[in-house]
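# Fold and geometry: a report
Chain by chain, the residues:
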Amino acid sequence: MIRNRYAALCMTGLLTFGSAVGLAGCGSYEKVETLSENGASEEETGTEETKAVLEAQTSEKETEMTQAKLPEFDSVDETVYVVTEDGGTVNVRSSCNKLNNSNVIASLDTGTELKRTGVSKEWSRIVLEGEAAYIASDFLSTEKPDPSIYSNSASFAEGEVKLDPSWQYADFSKINSGAAVLYRSQADSRKGKTICVNAGHGTQGGSSVKTLCHPDGTPKVTGGTTSAGATSAVAVSGGMTFADGTPEYKVTVALARILKDKLLAKGYDVLMIREGDDVQLDNVARTVIANNASDCHIALHWDSTESDKGAFYMSVPSNESYRNMEPVKSHWQEHNALGESLIAGLKSVGVKIFSSGSMEMDLTQTSFSTVPSIDIELGDKVSDHSEGTLNNLADGLAVGVDQFFGF
Ligand SMILES: [Zn+2]
């Protein structure tokens, strides 16, 4: 992922000005090819004709670019925001030239706040890490963009979100007559991220229907509710029962409701998979809805052991064939990163953590996820699940979400 190089920078949202730390990119063009692949949502990278010219005259152009004449800037001193139509990223350049990407020094997310010191019709001069840098003026606005435009749920209205049969992997779902519910935050400072909160279990009839474990039909690589080697698994299992007789699905949804309120208060939009005792959405349907209408997917569970062993997340198995299967191949690192962030958040509020905080597990959810996605186990059959404990768990998870998105 191209943006990783600048992740720390991009994710802060608000850049610090006048920092003495020089940005790695200034005068450092070693990743030109990688950067060039980032054409999707930034300024057009040039016509085929331009590229041909470039290939023939690369060295001359390099010199020309680093010495590109600056346009006449009108001096300004104002706050501006990165804007795009699709919530993508925009390149920051060391010179006012878009002939190729050799002068790209950063790639900023939509909504990033910047200080603008000069403006011309085509280019704006901004301050990046204390240095002057340039962005095409079309991608800057003095008005802060509505955060909902750069969330993955931007095209959805508040309220019910049903499985669209045209979505990737929707065909693999067997139970999908139910609906998730999208909530928009009313907080003053909205994050522009939608968190899918998936209360584990709670689908009547879910254990008598089977769905494929993997989109390519290959068998499961680890044991679990369904053993290794199986190619299909129960569509939604019933879940365990706590030592005090409370069914897991009641506790997962109680935590989901508390977490929803905390995330909304922090400025996140929330996609609730289940809010009552039952929703007719199997694990594939839940995952595909999350893929299309959220920016990360958190499934809440408690484990079936009886040792009060603490919280952990189900990490992506370090199995070569599994990690080479799409969509796992393109997303397993972000799944694990989300898990690590949530565990760090839980730790920060004093939640007991099991072992290193993770356990490798091949899950239907992980096998079909195209957004950062994790199954987190908040404890087990003998763990306390009083309202006070659930409240603390929700606080920890919300801290973890902030950490994951860099807020
Ligand atoms: Zn569970």
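An account of the accompanying structure is given in this report. (Residues numbered from 1 in each chain as written. Predicted model: local features only at pLDDT ≥ 70, side-chain atom pairs only at ≥ 80, totals over all residues. Heavy atoms only, no water.)

Moving on, we get to the packing of aromatic side chains. Counted by the stated rule, this structure contains ten aromatic pairs. Relative to F368, the ring of Y169 lies with its centre 5.5 Å away and its plane at 85°, an arrangement referred to as edge-to-face. Residue Y169 is located in the loop between β8 (159-161) and β9 (180-183), and its partner F368 is located in helix α9 (residues 364-368); the two are separated by 199 residues in the primary sequence. An aromatic cluster is defined as three or more aromatic residues linked by ring pairs; in this entry it consists of Y268, F404, F405 and F407. We note R323 situated over the ring of W332; from NZ or CZ to the ring centre the distance is 3.7 Å. (Phe/Tyr/Trp six-rings, centres within 6.5 Å; stacked < 30°, edge-to-face > 60°. Helix = DSSP H or I, 4+ residues; strand = E, 2+ residues; numbered from the N terminus. Lys NZ or Arg CZ within 6 Å of the ring centre and 35° of its normal.)

A word on the nonpolar core. A general feature of soluble globular proteins is that nonpolar side chains tend to end up buried together. Core analysis: the biggest nonpolar cluster contains 39 residues, and L300, L346 and I376 have the highest contact counts within it. Among the elements of the structure, β10 (194-199), α5 (248-266), β13 (269-272), β14 (296-301), β15 (311-315), α8 (328-348), β17 (373-377) and α10 (387-405) are those that each provide at least two residues to this core. With near-sequence residues (within four places) excluded, I376 lies in contact with I298, A299, L300, H301, F312, Y313, L342, I343, L346 and L397. Residues W167, L182, C196 and A290 belong to the second largest nonpolar core, which totals 20 residues. (Core = buried A, V, L, I, M, F, W, Y, C linked by side-chain atoms within 4.5 Å. Buried < 20%, exposed > 50% of the residue type's maximum accessible area, 1.4 Å probe, protein only. Contact = heavy atoms within 4.5 Å.)

Below, the discussion takes up the pattern of salt bridges. For the structure on display, the rule yields nine salt bridges. Two residues, K260 and E275, come together in a salt bridge whose shortest N-O distance is 3.5 Å. Here E275 lies in the loop between β13 and α6 (283-293) and K260 lies in helix α5, a separation of 15 residues in the sequence. With a relative accessible area of 12%, K260 lands in the buried category. Looking at E275, the relative accessible area reads 25%, which means it is partly exposed. Note that K309 and D303 form a salt bridge whose closest N and O atoms lie 2.5 Å from each other. (Salt bridge = Lys/Arg side-chain N within 4 Å of Asp/Glu carboxyl O.)

As a further point, take the pairing of strand β6 (residues 131-136). In the sheet, strand β5 (residues 123-128) pairs with β6 via six bridges, with the strands oriented antiparallel. Note on β6: the bridge partner recorded for I126 is A133. In this antiparallel pair of consecutive strands, β5 and β6, the connection spans two residues, and E129 shows a positive phi of 50°. (Pairing = 2+ DSSP bridges.)

Quick look at the coordination of the zinc ion now. Distances from the zinc ion to its protein donors, H201 (NE2), E248 (OE) and H301 (ND1), fall at 2.0 to 2.1 Å. One chain supplies every donor for the zinc ion, spaced along it as H-x46-E-x52-H. Taken together, the residues H201 in the loop between β10 and β11 (210-212) and E248 in helix α5 connect sequence positions 47 residues apart. Comparing H201 with E248, the two get one shared label, buried. (Donors = N, O, S within 2.8 Å, 3.2 Å for Na, K, Ca; no water.)

On to the sheet that holds β17. Strand pairing within a sheet occurs via backbone hydrogen bonds; the two strands may be parallel or antiparallel. Within the open sheet, the eight strands sit side by side as β8-β9-β13-β10-β14-β17-β15-β16. Their pairing is mixed. A single partner strand is all that each edge strand has here, and the edge strands are β8 and β16 (353-360). In this sheet, neighbouring strand axes are inclined to one another by 25° on average, regardless of whether the strands run parallel or antiparallel. Of the pairings in the sheet, the one linking β8 to β9 comprises three bridges and is antiparallel in character. The residue of β9 that forms the bridge with V161 is A180. (Axes fitted to C-alpha atoms, helices over the stretch in contact; angles between N-to-C directions.)

Further remarks concern the packing of α5 against α10. Contact geometry of α5 with α10 gives a least axis separation of 9 Å together with a crossing angle of 50°. Classified by the interaxial angle, the pair formed by α5 and α10 is oblique. In the packing of α5 onto α10, the handedness of the crossing is right-handed. Each of V251, A254, L255, I258, L259, K262, L263 and K266 in α5 lies in contact with α10, whose residues at this interface are L390, N391, L393, A394, D395, L397, A398, V401 and D402. Residues that form the contact of α5 with α10 fall into these classes: twelve nonpolar, one polar and four charged. (Parallel < 35°, antiparallel > 145°, perpendicular 65-115°, else oblique. Left-handed = near helix turned anticlockwise from the far one by under 90°. Nonpolar A, V, L, I, M, F, W, Y, C, P; charged D, E, K, R; others polar.)

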